[in-house]
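Chain residues, written in single-letter form:
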Protein chains: 4
Amino acid sequence: MAIRTDLAIECREMFAEEISGVESLAHDSDGITVTHVKITTEEGAKQIGKPVGDYVTIEMDSMLIENEDIIDRVCNAVGDELKKLISSKNLNSVLIVGLGNRYITPDSIGPKAVSKVTVTRHITKEAQMGFDFAVRAVSAIAPGVLGITGIETSEIVKGVVEHVKPSLIIAIDALAARNIKRLGTTVQLSDTGICPGSGVGNNRKELTEKTLGVPVIAMGVPMVVDVATLALDVLGKKECRADLNTILSDRSKNMIVTPNDVDEISEKISTIIAEGINTALHS
Amino acid sequence: MAIRTDLAIECREMFAEEISGVESLAHDSDGITVTHVKITTEEGAKQIGKPVGDYVTIEMDSMLIENEDIIDRVCNAVGDELKKLISSKNLNSVLIVGLGNRYITPDSIGPKAVSKVTVTRHITKEAQMGFDFAVRAVSAIAPGVLGITGIETSEIVKGVVEHVKPSLIIAIDALAARNIKRLGTTVQLSDTGICPGSGVGNNRKELTEKTLGVPVIAMGVPMVVDVATLALDVLGKKECRADLNTILSDRSKNMIVTPNDVDEISEKISTIIAEGINTALHS
Amino acid sequence: MAIRTDLAIECREMFAEEISGVESLAHDSDGITVTHVKITTEEGAKQIGKPVGDYVTIEMDSMLIENEDIIDRVCNAVGDELKKLISSKNLNSVLIVGLGNRYITPDSIGPKAVSKVTVTRHITKEAQMGFDFAVRAVSAIAPGVLGITGIETSEIVKGVVEHVKPSLIIAIDALAARNIKRLGTTVQLSDTGICPGSGVGNNRKELTEKTLGVPVIAMGVPMVVDVATLALDVLGKKECRADLNTILSDRSKNMIVTPNDVDEISEKISTIIAEGINTALHS
Amino acid sequence: MAIRTDLAIECREMFAEEISGVESLAHDSDGITVTHVKITTEEGAKQIGKPVGDYVTIEMDSMLIENEDIIDRVCNAVGDELKKLISSKNLNSVLIVGLGNRYITPDSIGPKAVSKVTVTRHITKEAQMGFDFAVRAVSAIAPGVLGITGIETSEIVKGVVEHVKPSLIIAIDALAARNIKRLGTTVQLSDTGICPGSGVGNNRKELTEKTLGVPVIAMGVPMVVDVATLALDVLGKKECRADLNTILSDRSKNMIVTPNDVDEISEKISTIIAEGINTALHS
């Protein structure tokens, strides 16, 4: 058992001192904090435990539920940061991939966002005349999870990629955080793709430019904290001897810390992700 | 506007007389009627308007809701008939494809059944020791619909097929019937695959052995009747002049006849389909 | 079997000529038509088949789905007309009652709207300082249906009314229309309360000022057309001999005509109802 | 912050020694442990922190998900223990009350169970001839929560009780446990009714024989552990100084520990509760 987090910002926070090959820059505005963590060298990557790349974290001051009018500003922030991250990419054909299990609410952000994204790949040239924005070929799939499909997610995505031939992939996933204050209040963007072990305890093979042949942007939302991670934090330790197992019982592997209104939060935050993508691609 | 039905049995019923190249045989048992319609020649196929092949229709006497204990018997009947239909096929690796839109209840049978099927393709040899049946490699996907993915369903399925390399495909879909008594009470199995125009008014490119390279078994459940079809039947006609359009208004294209408890029926009948598949493949 | 409709406007449309004691006035604006039908005498009520009172029908030109930006205007129209209808009432304490079965999508408008209404009855005087509108005591219940509770809806409402002691009740229900063009595009307001036989085929005892002791405003949304009503309309008859039964089979009682995207429509239209109420009561 | 639990068995477990006025007896059978905690004196009640009465806890060895065939045995155990608990009561008319918020999955056990219970109060004497069991007048309501209704749950229940005049009430609620191993694996029955503070952090006024005038049986299922409770347990303390607040942040009030598949567990366990009630009342 060890501290677990899918957020680069939290990996960075574990170090008080400067790390060679890792830059970090934050700015606040109107209740929203945007932090850029850049991992520029393999040495920095090894220290932090995340691949070389850009990680952008967008955090809200307050829970969505308590402050409805923050939603529009977060949508804009997500759209703006995503736009910057993909500005150098070929956007002719973008495939959105919604990872995770739609039947497990904290893991359902990806499939929910997919159902809310504006897809355009199937719209004929004639029909596109009716739109007031440049229509890019956007498509979207929610491949499901290994336990329901019996197929590695990466295999399904590869098969679709070979037919759709996108120039860019945006993969959406639910993440695990270390700090409960980030649950349902944070969006992480990165240009590194998705690596195994993300999400609610499901190992998946990686979805990266290396494996798929096109750049992969990852959009993640921390929805859970591991029970073991919380316990280690409470104890002030980074790793733990066997005695924690006795307290937590072996069932803690199946338990998560999550917001009590996770149903409503997953609806709202998947809308934010989808709107951010729509803004970045269609305007 | 014309009579629409996806059921071979209803196409056959439109003819009072014998049709060359079409055989039909029914037997009743305990509230369940099983009818085999065999189309053996291209001439018969042309007459009936369905491809050459075997069509098996399993009908319940009563609505599921009124008679809970019929469910087990229907599961068995579906499992038995499916087993016969696939007995000559290579069952080493079976891919279940759940067609339709999960967000439109009468069209959601396919995705719902996929989530209830027992998948085994990802289970290691060691883990399989724990099972008391011969474990075949069963996998399952719900590819979504064009309006949500922007990708033709057939493209997604092809991509997955190329990676999974199944020896048989079973495709599940919601169908349109002509007769309202068949809604939610009927299952059609066939060895012809899925051809365009099935389901709730969505054109999809075909999923057949010709296009996918492996045999495709279709399992369909009629969940809707077209409003125009009902109107024509009430009028006692097979086709119709413009005046029906005036009565129905052009919004009738978006309207369907469906059971008022379609939410509950789609849950139950997708369970029947999944259990039928589990029985046929895993015992 | 006879033509069935819960809409006063459709009852009025059945007569080409003027009816004594019934006034009707319509005005269009920007894709929305508002029609007032006033039944002023018992003679008029008898002719029309609806109680004496004011009936306001708000109709959209197009399906919600095809024209998203009409939603705001419909919300405003519903709020404005509701405000006029309740302008002479005591609004100190308003109880919203969401009728219908939440597990049957076309009947779920009432319970869905209740979950979206802003309730304030439980907010303390201190907390109310934070609101920028005059806070009325608004409460809301979804009493369920007889088949699930075993209790007449009117009994549950009476019990709650005796404790909450509202000065006005607003009851929301799904309705049956005659014309399919009105499904999911129409809202009916009236000051007559709810009388038995409304909704998706469920008889309920009436909810009126006579039975509850306080004025009852009804808000209804037609979500279904009876299969028999559609058949009679197609045949151009108002009532029907036994032969229609043979065509429709006795299962037609359990069948409805409804929009194929009823899941999405019921979400959107219940939001419109709730926003209309929020506007009328809290601004 | 202090250890929180709604389970009498966990209150009892906090004491190593015997407590005067508190008896405890457990027996195991086939993967199910049934423990009776009897609080017989006010002194015992004060020590334990629960009212005088009988508390029966039914615990499964394994998670439901891992062991499907345990479900039937748990249903029977719940039915048997409930039958014993109500054996001395007047069962002519039983009102089931499903507490909690149906829109928050871990709090939705009550409303979900209500929708699955067999109600009979509305069935006429003639119709009852068709049943093969003695038909008692069973009714059921899900009153909603204060935040959605604006009305105290106890007020709604009182109003309904005055009209339905039941001879017994069975109230179902989601509970908080101390030990994560009990989440989704445990049912607590008691003859004490429901007291404030149960469920997912919502204060409700009590539902007891004292307030409602008829005996109230409580059926509860622990679905969450407080984050603070978990933290205190990890630290090996019963209460805590301010420093824990710093680690947990004030957002921990909105966070819960819950099974990651809480969606599926809440479906299954609400079925177990409903089947247990059906068995106890209708056979």
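Structure's up top.
Calculation criteria
- Residues numbered from 1 in each chain as written.
- Chains lettered and ligands numbered in written order.
- Predicted model: local features only at pLDDT ≥ 70, side-chain atom pairs only at ≥ 80, totals over all residues.
- Heavy atoms only, no water.
- Helix = DSSP H or I, 4+ residues; strand = E, 2+ residues; numbered from the N terminus.
- Buried < 20%, exposed > 50% of the residue type's maximum accessible area, 1.4 Å probe, protein only.
- Contact = heavy atoms within 4.5 Å.
- Buried area = accessible area lost by both parts, 1.4 Å probe.
- Salt bridge = Lys/Arg side-chain N within 4 Å of Asp/Glu carboxyl O.
- Polar contact = N/O pair within 3.5 Å; in protein donor to acceptor, adjacent residues only side chain to side chain.
- 1 Å grid on protein atoms, 1.4 Å probe; cavity = no way out; pocket = protein on both sides within 12 Å on 5 of 7 lines; lining within 4 Å.
- Points joined across faces, edges and corners; volume = space filled by probe spheres on them.
- Nonpolar A, V, L, I, M, F, W, Y, C, P; charged D, E, K, R; others polar.
- Least-squares fit on C-alpha atoms with pLDDT ≥ 70 in both.
- Expected span 1.5 Å × (residues − 1).

K.L.:
In this structure, what is going on with the overall build of chain A? I would like to understand it.
P.N.:
Regarding its fold elements, chain A presents 11 helices and 9 strands. In chain A, buried positions account for 60% of the 283 residues. Within chain A, contacts between residues at least 6 apart in sequence are counted, and of these 74% link residues at least 24 apart.

K.L.:
Is there a simple way to explain the interface of chain D and chain A in this structure?
P.N.:
Many structure descriptions define interface size as the accessible area lost when the parts assemble. Each partner contributes to the interface: chain D provides 35 residues, whereas chain A provides 35 residues. For the pair chain D and chain A, the summed buried area comes to about 2900 Å², and 63% of that belongs to carbon and sulfur atoms. Taken as a group, Val 234, Arg 251 and Asn 260 of chain D account for 25% of the area that chain D buries against chain A, more than any other trio of residues on that side. For the pair chain D and chain A, the interface holds 0 salt bridges. At the junction of chain D with chain A, the criterion picks out 6 residue pairs in polar contact (both at pLDDT 80 or more). Those elements that provide at least two residues to the side of chain D that touches chain A are helix H9 (227–235), helix H10 (243–248) and strand E9 (255–259) of chain D.

K.L.:
What's the story with empty space enclosed by the protein in this structure? I'm lost.
P.N.:
In this approach the atoms are scanned with a rolling probe the size of a water molecule, which exposes any empty space left behind. Taken as a whole and judged by the stated rule, the model has 5 cavities of 30 Å³ or more. Approximately 260 Å³ is the volume attributed to the largest cavity. If you go around the largest cavity, you meet 24 residues; those closest to its centre are Arg 102 and Ala 142 of chain A together with Ala 142, Pro 143 and Gly 144 of chain B. Per-element tally for the lining of the largest cavity: the top contributor is helix H4 (residues 109–116) of chain A, with 3 residues. Here the residues of the lining of the largest cavity are counted per class, giving 17 nonpolar, 5 polar and 2 charged.

K.L.:
Looking at this structure, I do not really get the relation of the copies chain B and chain C. What am I missing?
P.N.:
Between chain B and chain C, which share one sequence, the superposing operator has a rotation angle of 180° and an axial displacement of 0.0 Å; the RMSD is 0.0 Å. The two molecules are tied by a two-fold rotation axis, judged by turn and shift. Relative to the rotation axis, the C-alpha of Val 257 of chain B is the closest in chain B, positioned 2.2 Å from it. A symmetric contact is evident, with 100% of the interface residues of chain B recurring at the interface of chain C.

K.L.:
Would you take a moment to explain the relation of the copies chain D and chain A for this structure?
P.N.:
The relation between the two chain copies is a rotation about an axis coupled with a shift along that axis. Least-squares fitting of chain D to chain A yields an RMSD of 0.0 Å, with the transformation described by 0.0 Å of translation along the axis and a rotation of 180°. Of the residues that chain D buries at the interface, 100% are likewise interface residues in chain A, meaning the two copies contact each other through the same surface.

K.L.:
Please clarify how the interface of chain B and chain C should be interpreted in this entry.
P.N.:
With 35 residues of chain B in contact, the opposing surface of chain C contributes 35 residues. Each partner contributes to the roughly 2900 Å² buried at the junction of chain B and chain C, and carbon and sulfur atoms together form 63% of this total. When residues of chain B are sorted by the area they lose upon contact with chain C, Val 234, Arg 251 and Asn 260 of chain B head the list and together hold 24% of the total. For the pair chain B and chain C, the interface holds 0 salt bridges. At the boundary of chain B with chain C, the tally comes to 6 residue pairs in polar contact (both at pLDDT 80 or more). Where the side of chain B that touches chain C is concerned, the elements lending two or more residues are helix H9 (227–235), helix H10 (243–248) and strand E9 (255–259) of chain B.

K.L.:
Would you mind going over helix H11 (residues 262–282) of chain A with me for this structure?
P.N.:
In an α-helix there are 3.6 residues to a turn, and that puts residues three or four apart on one side. The end-to-end C-alpha separation of H11 of chain A is 29 Å, in line with the 30 Å expected for 21 residues at 1.5 Å each. With 16 of 21 residues buried, H11 of chain A is to be regarded as a mostly interior element.

K.L.:
Where do I start with unusual backbone geometry in this structure?
P.N.:
Leave glycine aside and you will find that most residues have negative phi; peptide bonds, for their part, are mostly trans. Even without being a glycine, Asp 30 of chain A presents a positive backbone phi close to 60°. Note on placement: Asp 30 of chain A falls in the loop between strand E1 (22–29) and strand E2 (32–39). One non-glycine residue with positive phi stands out, namely Lys 165 of chain D, at about 50°. Turning to its location among the elements, Lys 165 of chain D is positioned in the loop between helix H7 (153–164) and strand E6 (168–177). Overall, Lys 165 of chain D belongs to the exposed group, its relative accessible area being 61%.

Remember, this is a structural readout, not a statement about activity or role.
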